[in-house]
Amino acid sequence: MMRNRTDEKILVPVDGSDRAINTVKYIARNEPFHRMRIVLFHVFSSVPESYWDLEDSAASRAVAKQARAWELSQKKLVKDHMEMAKGLLEKSGIPTASIEIKIQNRKKGIARDIIQEAQNGYSAVVTRRRGTTALRNVVLGGVAAKLVARIVFIPLILVGKKAPGSKILIGFDGSQDAMKAVDFVGSVLAGFEYGVLLLHVIRGGELRLPEMASVSPSKTITKAAKEEMTSSFLFATKKLINAGFKAKSISTKMITGKSSRAKTISDEARQYGFGTIVMGRKGRSRVREFFIGRVTNKVIQIARDRTVWVVR
């Protein structure tokens, strides 16, 4: 059953770049987001107040005048860019009343201002991996990297170049965050024609830990681990069905003996045409000091052309 989510909103940082417009197009092309309110958010870096002291000097007034003219022109460019982004959303069928443009003067820094805004009742943040100044070979721009590290309270969606399509791969390990990822997928995408794969990867050798050797043979441990994951798969599948997914649109897969979970997840996405990968922010790792789980972080790095949802 499709749930009405018009009381929820998503934050879309827009920096004036073509990549930001592509992010807006991602929202426009994905009907599930049309049920939410969209806030297009820009942090404007104005000329520092101290610069206007130049107006006190006759010799520097011309420079100060040029600075004011530059700031006004930049504000107009930003406003025009935001209106263009809003127009794209309107053309896709999103009601005008559901779209808000919010331009804010820079306070603490672009990333920190976005993070602060994201704490105002949003359901998710949707952004590009790189902004206006990122180098071509950089997977994450400076702002995006900070958002990945610090947005730990709501889902973060990193939009990739590849069209997302209607196939969703959930990197699944049965952890609390993995279950939250399942819940988020169910709440956003249920009622639409999406197929979901729950994928669990077991690295080679991890079921043959030395401390377990005297307790049980490798095959017994492997069997127990598979049985536990099968139970988790069943629980997650029921969550998706209860959310409104059709049972036939949900599949599960377990892969063993791989050296890298992240690479295997990324390879599966590419081989079978999954444009979107959904990961829990942290897996079963007990290392609490990490802002983000190692597998999730590696998936973001490796699957650079895919859209990655990071859910907590």
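Note that this is a predicted model, so its numbers are computed, not measured.

(A) Geometry of helix α8 (residues 294–302). Among all positions in α8, only T296, V299 and I300 are buried. Angularly, the buried residues of α8 cover 100 degrees about the axis, an arc narrow enough to put them on a single face. Among the structural elements, α4 (142–150), β5 (156–159), α7 (261–271), β9 (276–280) and β10 (307–311) are those in contact with the buried residues of α8.

(B) Local environment of the environment of E100. Residue position: E100 is located in strand β3 (residues 99–105). Classification of E100 as partly exposed rests on a relative accessible area of 40%. Sequence spacing of E100 and F41 is 59 residues, and the spatial spacing of their C-alpha atoms is 8.4 Å. Setting aside residues up to four positions removed in sequence, E100 forms contacts with I38, V39 and L40.

(C) Structural context of the pattern of salt bridges. Applying the stated rule across the entire model yields ten salt bridges. Between D80 and K76 there is a salt bridge, and its shortest N-O distance comes to 2.8 Å. Placement of both D80 and K76 in helix α2 (residues 61–91) is noted, with a separation of four residues, approximately one turn of the helix. Residue classification places K76 among the exposed positions, given a relative accessible area of 53%. The partner of R312 in a salt bridge is D177, with the nearest N and O atoms 3.5 Å apart. Residue R312 is found in the segment after β10, and its partner D177 is found in helix α5 (residues 176–189); the two are separated by 135 residues along the sequence. Where salt bridges share partners, they join R270, D305 and R306 into one cluster.

(D) View of the sheet that holds β5. Reading across from one edge, β3-β2-β1-β4-β5-β10-β9-β6-β7-β8 is the order of the ten strands in this open sheet, with mixed pairing throughout. With partners counted over all chains shown, the strands left at the sheet margins are β3 and β8 (250–258), one partner each. The mean inter-strand angle of the sheet, taken between neighbouring strand axes irrespective of direction, is 20 degrees. Two elements, strand β6 (residues 167–171) and strand β7 (residues 195–203), share five bridges in a ladder whose sense is parallel. Following the sheet pairing, L169 is matched in β7 by L197. Against the sheet, helix α1 (residues 18–29) touches β1 (9–13), β2 (37–44), β4 (124–128), β5 and β10, its axis set at about 135 degrees to β4.

(E) View of empty space enclosed by the protein. Under the defined criterion, the tally for this structure stands at one cavity of 30 Å³ or more. The wall of the largest cavity is formed by Y26, N30, F33, P164, G165, I168, L189, Y194, T276 and W309. Split into classes, the residues belonging to the lining of the largest cavity amount to seven nonpolar, three polar and no charged.

(F) View of the pairing of β6. A large share of β6 lies buried, amounting to four of its five residues. This β-α-β element, β6 to α5 to β7, shows right-handed connectivity. Judged from the four bridges that link them, β6 and β9 form a sheet pairing that is parallel. Across the sheet, I170 pairs through a bridge with V278, a residue of β9.

(G) How the structure looks around the pairing of β5. In β5, alternate side chains face the same way, and those of L156 and L158 on one face and I157 and V159 on the other are all buried. Direction of pairing for β4 relative to β5: parallel, over a ladder of four bridges. In the strand pairing of β5, T127 is matched with L158. Across three bridges, the pairing between β5 and β10 is antiparallel. By the bridge assignment, L156 is partnered in β10 with V310.

(H) Local environment of the packing of helix α3 (residues 110–118) against α4. Where α3 meets α4, the closest approach of the two axes is 9 Å, and the angle between their N-to-C directions is 40 degrees. Considering the angle they form, α3 stands oblique to α4. As α3 packs across α4, the resulting crossing turns out to be right-handed. Here α3 contributes I110, A111, I114 and I115 to the contact with α4, which in turn contributes V143, K146, L147 and R150. Considering only residue class, the contact of α3 with α4 consists of six nonpolar, no polar and two charged.

Procedures and definitions
Residues numbered from 1 in each chain as written. Predicted model: local features only at pLDDT ≥ 70, side-chain atom pairs only at ≥ 80, totals over all residues. Heavy atoms only, no water. Buried < 20%, exposed > 50% of the residue type's maximum accessible area, 1.4 Å probe, protein only. Helix = DSSP H or I, 4+ residues; strand = E, 2+ residues; numbered from the N terminus. Arc of directions from axis to C-beta. Contact = heavy atoms within 4.5 Å. Salt bridge = Lys/Arg side-chain N within 4 Å of Asp/Glu carboxyl O. Pairing = 2+ DSSP bridges. Axes fitted to C-alpha atoms, helices over the stretch in contact; angles between N-to-C directions. 1 Å grid on protein atoms, 1.4 Å probe; cavity = no way out; pocket = protein on both sides within 12 Å on 5 of 7 lines; lining within 4 Å. Points joined across faces, edges and corners; volume = space filled by probe spheres on them. Nonpolar A, V, L, I, M, F, W, Y, C, P; charged D, E, K, R; others polar. Right-handed = clockwise from strand over helix to strand, strands pointing away. Parallel < 35°, antiparallel > 145°, perpendicular 65-115°, else oblique. Left-handed = near helix turned anticlockwise from the far one by under 90°.

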